[in-house]
Amino acid sequence: MSGPSTSVTSTTPAAPARRRPGLFRTAWRFGRTKVGVVLSGLIVLIAVVGPFVAPYTPTEFVAKPFETGVDEALFGGDNRGRDVLTRFLWGGWTLLLLAGSAAGIGVAAGTVIGIIAGYRRGWVDDVLMRTNDVLLAFPQLIAALLVMSIIGPKVWLIVAVIAVSHMPRVARVIREATRKVIEQDYVKAAEAIGLPRWRIMTVEILPNVTSPLLVELGLRLTYSIGVVAVLGFLGMGLQPPTADWGLMINENRQGMAIQPWAVALPVTAIAVLTVGANLITDGLSRAAIGIDRGVEK
């Protein structure tokens, strides 16, 4: 008599879920992101290293105004006879400093407003968003020109005006992202155990809106570069004899026919930096919304 048959069921542990790559890693898979990093990195390198390798000081006269073919000056002289290459190498860091400061301050302030408005709702949301709507009614460049013409072109004012113009745009985006996050279980659990509101906003909400936040930072940095350059070109930015790319274009535009380098160098640098920043932002935005089909895994 044979004994009862016993069946042995082998249990295989479930394979761990594949962890979704981070935002930067996903964005790096796009070719446009890599191109953007190379282009932006090149201009940033020129702006940072330029003052240390410049052959002259930014205010030193080495040629006649708009003179080319000078042995001591590779790209000739500008409208006052200063070395074009030296002015170019010195002029980038001021653009990056002003644009980066304005974008950073504007995004930080807009993030705080957006999270508070999205989480608190009610009258707090209404007051903050209606104030934002008033600020949004003023175009960025026109508002900057108006303030500069009244108070005068000052470095701190350039940063402040551009930052304030960025703030309401960032706040609207972060507010919408916050309203989606507060419906999640981890936020409700934090509220149930009585965590303070400030802690919920900083610990539970802020880390979960970083994807749109980084995209906005890239966009605002791109806009800041353009606005700072335009203000310099219109004479409402940094003032002579400061070396600045926007100011270089304004000072030397009348002599473009005989000395194109004084305008071509800063224009090219600003264009390359803007294109690079746009490509990086586009890669981040695609990664944030999960557009990674057709990308090599």
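As shown above, the structure is provided for reference.
Thresholds applied
- Residues numbered from 1 in each chain as written.
- Predicted model: local features only at pLDDT ≥ 70, side-chain atom pairs only at ≥ 80, totals over all residues.
- Heavy atoms only, no water.
- Helix = DSSP H or I, 4+ residues; strand = E, 2+ residues; numbered from the N terminus.
- Buried < 20%, exposed > 50% of the residue type's maximum accessible area, 1.4 Å probe, protein only.
- Contact = heavy atoms within 4.5 Å.
- Areas by Shrake-Rupley, 256 points an atom, 1.4 Å probe, with all protein chains shown as cover.
- Expected span 1.5 Å × (residues − 1).
- Arc of directions from axis to C-beta.
- Axes fitted to C-alpha atoms, helices over the stretch in contact; angles between N-to-C directions.
- Left-handed = near helix turned anticlockwise from the far one by under 90°.
- Nonpolar A, V, L, I, M, F, W, Y, C, P; charged D, E, K, R; others polar.
- Core = buried A, V, L, I, M, F, W, Y, C linked by side-chain atoms within 4.5 Å.
- Salt bridge = Lys/Arg side-chain N within 4 Å of Asp/Glu carboxyl O.

It is worth spelling out the overall build of the protein at this point. The helix and strand inventory of the protein stands at eleven helices and zero strands. When the helices and strands of the protein are listed from N to C terminus, the series reads α-α-α-α-α-α-α-α-α-α-α. For the protein, with 297 residues in total, the buried portion stands at 42%. Nonlocal contacts in the protein, meaning residues at least 24 apart in sequence, comprise 73% of its contacts between residues at least 6 apart. Accessible surface, the protein as shown: approximately 16,200 Å² in total, 64% of it carbon and sulfur.

With twelve residues, helix α5 (residues 140–151) extends 17 Å from end C-alpha to end C-alpha; this agrees with the ideal 16 Å at 1.5 Å per step. Looking at α5, one finds that the buried residues are Gln140, Ala144 and Met148. End-on, the buried residues of α5 take up no more than an arc of 55 degrees, which puts them together on one face. Residues of α5 that are exposed and point over 90 degrees away from its buried face: Ile142 and Ile150. Those residues of α5 hidden inside the fold are in contact with α6 (155–181) and α9 (210–233). Following α5 by one or two positions, glycine 152 has its phi on the positive side, about 110 degrees.

At a minimum axis distance of 9 Å, the contact between helix α4 (residues 122–136) and α6 shows a crossing angle of 145 degrees. For the pair α4 and α6, the crossing hand works out as left-handed. Taking contact as the criterion, the partners of Asp125, Met129, Asn132, Asp133, Leu135 and Leu136 in α4 are, on α6, Met167, Pro168, Arg169, Ala171, Arg172, Arg175 and Arg179. Here the contact of α4 with α6 is built from residues that sort into six nonpolar, one polar and six charged.

The next thing to look at is the environment of glycine 118. Among the secondary structure elements, glycine 118 is positioned in helix α3 (residues 84–120). With 83 residues separating them along the chain, glycine 118 and methionine 201 place their C-alpha atoms 9.9 Å apart. What glycine 118 contacts, discounting residues up to four positions off in sequence, is Arg175, Thr178, Arg179 and Ile182.

What follows concerns the environment of glycine 110. Note on placement: glycine 110 falls in helix α3. Sequence spacing of glycine 110 and valine 170 is 60 residues, and the spatial spacing of their C-alpha atoms is 4.9 Å.

Now for the side chain of glutamate 216. Its location among the elements puts glutamate 216 in helix α9. Not counting the four nearest positions on each side in its chain, glutamate 216 is found in contact with Val107, Arg169, Val170 and Val173.

With that settled, the discussion passes to the nonpolar core. Counting residues in hydrophobic clusters, the biggest one holds 33 residues, and the most contacted among them are Phe88, Leu95, Ile162, Val228, Trp245 and Ile270. Going through the elements one at a time, α3, α5, α6, α9, α10 (245–252) and α11 (261–288) are the ones with two or more residues in this core. In contact with tryptophan 245, not counting residues within four places along its chain, are Ile43, Phe88, Gly91, Gly92, Leu95, Pro266, Ala269 and Ile270.

Let's shift gears to the pattern of salt bridges. What the rule picks out here adds up to twelve salt bridges. Arginine 220 is the salt-bridge partner of glutamate 216, the closest N and O atoms lying 3.0 Å from each other. Residue glutamate 216 and its partner arginine 220 are located together in helix α9, separated by four residues, close to a single helical turn. Classification of arginine 220 by relative accessible area gives buried; the value is 7%. Several salt bridges converge on common partners, so that one network encompasses Asp78, Arg82, Arg87 and Glu251.

What follows deals with the side chain of glutamine 140. Within the fold, glutamine 140 resides in helix α5. Dropping the residues within four chain positions of it, glutamine 140 is found in contact with Ser165, His166, Arg169 and Tyr223.

A cis amide bond links proline 240 with the next residue in sequence, proline 241, at an omega value of 5 degrees. Here proline 241 lies in the loop between α9 and α10. For phenylalanine 66, which is not glycine, the phi dihedral falls at a positive 60 degrees. Turning to its location among the elements, phenylalanine 66 is positioned in the loop between α2 (31–53) and α3. Using a relative accessible area of 19% as the deciding quantity, one classes phenylalanine 66 as buried. Of note, arginine 121 is a non-glycine position whose phi angle comes to about 55 degrees, a positive value. Considering the arrangement of structural elements, one finds arginine 121 in the loop between α3 and α4. Accessibility expressed as a relative area gives 32% for arginine 121, which makes it partly exposed.

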